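Chains, contacts and geometry: an overview
So the chains spell out like this:
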Amino acid sequence: MTTGYFTSVDDVAARLAETGYLASPAVATTVFLADRLGKPLLVEGPAGVGKTELAKAVAEVADARLVRLQCYEGVDESRALYEWNHAKQLLRITAGREESWDETRTDIFSEEFLLSRPLLSAIRGAEPKVLLIDETDKADVEVEGLLLEVLSDFQVTVPELGTISAERRPFVVLTSNASRELSEALRRRCLFLHIGFPDEELERRIVRLKVPGLDEALAASVVRVVGALRAMDLRKVPSVAETIDWARTLLALGADTLDESVVRDSLGVVLKHQDDVLKASAKLDLDAM
């Protein structure tokens, strides 16, 4: 079952660009195939390269509601799928003391008392939705079993209500920073996309798009220096988001060039550990760039 949001790979690239998301050919192609085949899209890559932003951009161009499940250690079925509104159920039981238990039970286990969490919300209703399962690798292995059930058939069984099936399948994006290996069963159900750091030309275009007031030559210098930083053995290399932050910082400072003084004063925008700052300060050769 397709979601039918895009007509071609070029259509994906053009419409994502309208939202400010510049997609590489590989990204545009994989998004188109996920849409055409109706398959979940598993996006892996380092933090800050645009995995989450991709899901947001797809939701925007498709005029779809973004439903987000933020994964973390300890997230469980009640946070991901559904739970009952116990406080409201207790009030209903108290108010219906004259009724039999069978009458009360039928009432309190009805739609009125059901609290939908992201996975159930994503498959209920006919409106278009994008389901973002963010940082899937941070969830416990048990949650993967729940994801397998939902993503295989796009339906959920609530024992008291029966099976709830999707009227319209959501476009599904799972992101992962690869902090742990996801199961092969989950990977088989998805199309896979790795988003790494963009090449210099694409990153320069991204910076110019996100920071339109920045001089073109300065934007090129920022991208070259960030590329040099990524080539170093740092604890945390700069992400694309941090490249953009640095460009905005330079614009705010009124910098015309990326000289040694400006770099020294603003390096903390792109590097988040003191030993990385010290290493970069010692190794960066701005004259060679």
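Refer to the preceding data block for the structure.
Model, not experiment: these values are computed from the prediction.

Quick notes on the overall build of the protein chain
- Along its length, the protein chain carries 14 helices and nine strands.
- Across its three principal axes, the protein chain shows a C-alpha extent of roughly 85 × 40 × 35 Å.
- Pairs at least 24 apart in sequence give 74% of the contacts found in the protein chain among residues at least 6 apart.
- Within the structure as shown, the protein chain displays about 14300 Å² of accessible surface, and the carbon and sulfur contribution to it stands at 50%.
- Each charge sign in the protein chain was given a centre, from 35 positive and 49 negative side chains, and these centres are 1 Å apart.

Looking at the sheet that holds strand β2 (residues 65–70)
- Read across the sheet, five strands follow the order β2-β5-β8-β1-β9 without closing on themselves; strand pairing throughout is parallel. Either end of the sheet is taken by a strand with one partner, and the two such strands are β2 and β9 (191–194). Each strand of the sheet is rotated relative to its neighbour by a mean of 20°, with strand direction disregarded.
- Here strand β5 (residues 129–134) runs beside strand β8 (residues 171–176); their pairing, made up of four bridges, is parallel. Residue pairing for β8: Ile133 is matched across the bridge by Leu174.
- Along the sheet, helix α3 (residues 51–61) contacts β1 (41–44), β2, β5, β8 and β9; its crossing angle with β5, the most-contacted strand, is approximately 170°.

Some thoughts on the pairing of strand β7 (residues 162–165)
- Sheet topology note: the strand β6 (residues 155–158)/β7 ladder contains four bridges and is antiparallel. Following the sheet pairing, Thr157 is matched in β7 by Thr163.

Digging into the state of the cysteines
- The final tally for this structure, using the stated rule, is zero disulfides.
- Of all cysteine sulfurs, the one in Cys190 lies closest to Cys71, which takes part in no disulfide; the gap is 12 Å.

Considering the side chain of Asp11
- Among the secondary structure elements, Asp11 is positioned in helix α1 (residues 9–18).
- Within the structure, the side chain of Asp11 is placed 3.1 Å from the backbone nitrogen of Thr7, a separation counted as a polar contact.
- In this structure Asp11 touches Tyr5 and Phe6, once residues within four positions along its chain are discounted.

Thoughts on the nonpolar core
- Grouped together as the largest cluster of nonpolar side chains are 34 residues, with contacts concentrated most on Leu81, Leu119, Leu120, Ile133, Leu147 and Leu174.
- Counting residues per element, the ones that place at least two in this core are β2, β3 (82–84), α7 (118–123), β5, α8 (141–153), β6 and β8.
- Among the elements that line this core, the one with the most residues is α8, at six residues.
- Beyond its immediate stretch of four places on either side in the chain, Leu119 contacts Leu69, Ala80, Leu81, Leu131, Ile133, Leu146, Leu147 and Val150.

Thresholds applied
- Residues numbered from 1 in each chain as written.
- Predicted model: local features only at pLDDT ≥ 70, side-chain atom pairs only at ≥ 80, totals over all residues.
- Heavy atoms only, no water.
- Helix = DSSP H or I, 4+ residues; strand = E, 2+ residues; numbered from the N terminus.
- Contact = heavy atoms within 4.5 Å.
- Areas by Shrake-Rupley, 256 points an atom, 1.4 Å probe, with all protein chains shown as cover.
- Lys, Arg positive; Asp, Glu negative; His and termini not counted.
- Charge placed at Lys NZ, Arg CZ, Asp CG, Glu CD.
- Pairing = 2+ DSSP bridges.
- Axes fitted to C-alpha atoms, helices over the stretch in contact; angles between N-to-C directions.
- Disulfide = S-S within 2.5 Å.
- Polar contact = N/O pair within 3.5 Å; in protein donor to acceptor, adjacent residues only side chain to side chain.
- Core = buried A, V, L, I, M, F, W, Y, C linked by side-chain atoms within 4.5 Å.
- Buried < 20%, exposed > 50% of the residue type's maximum accessible area, 1.4 Å probe, protein only.

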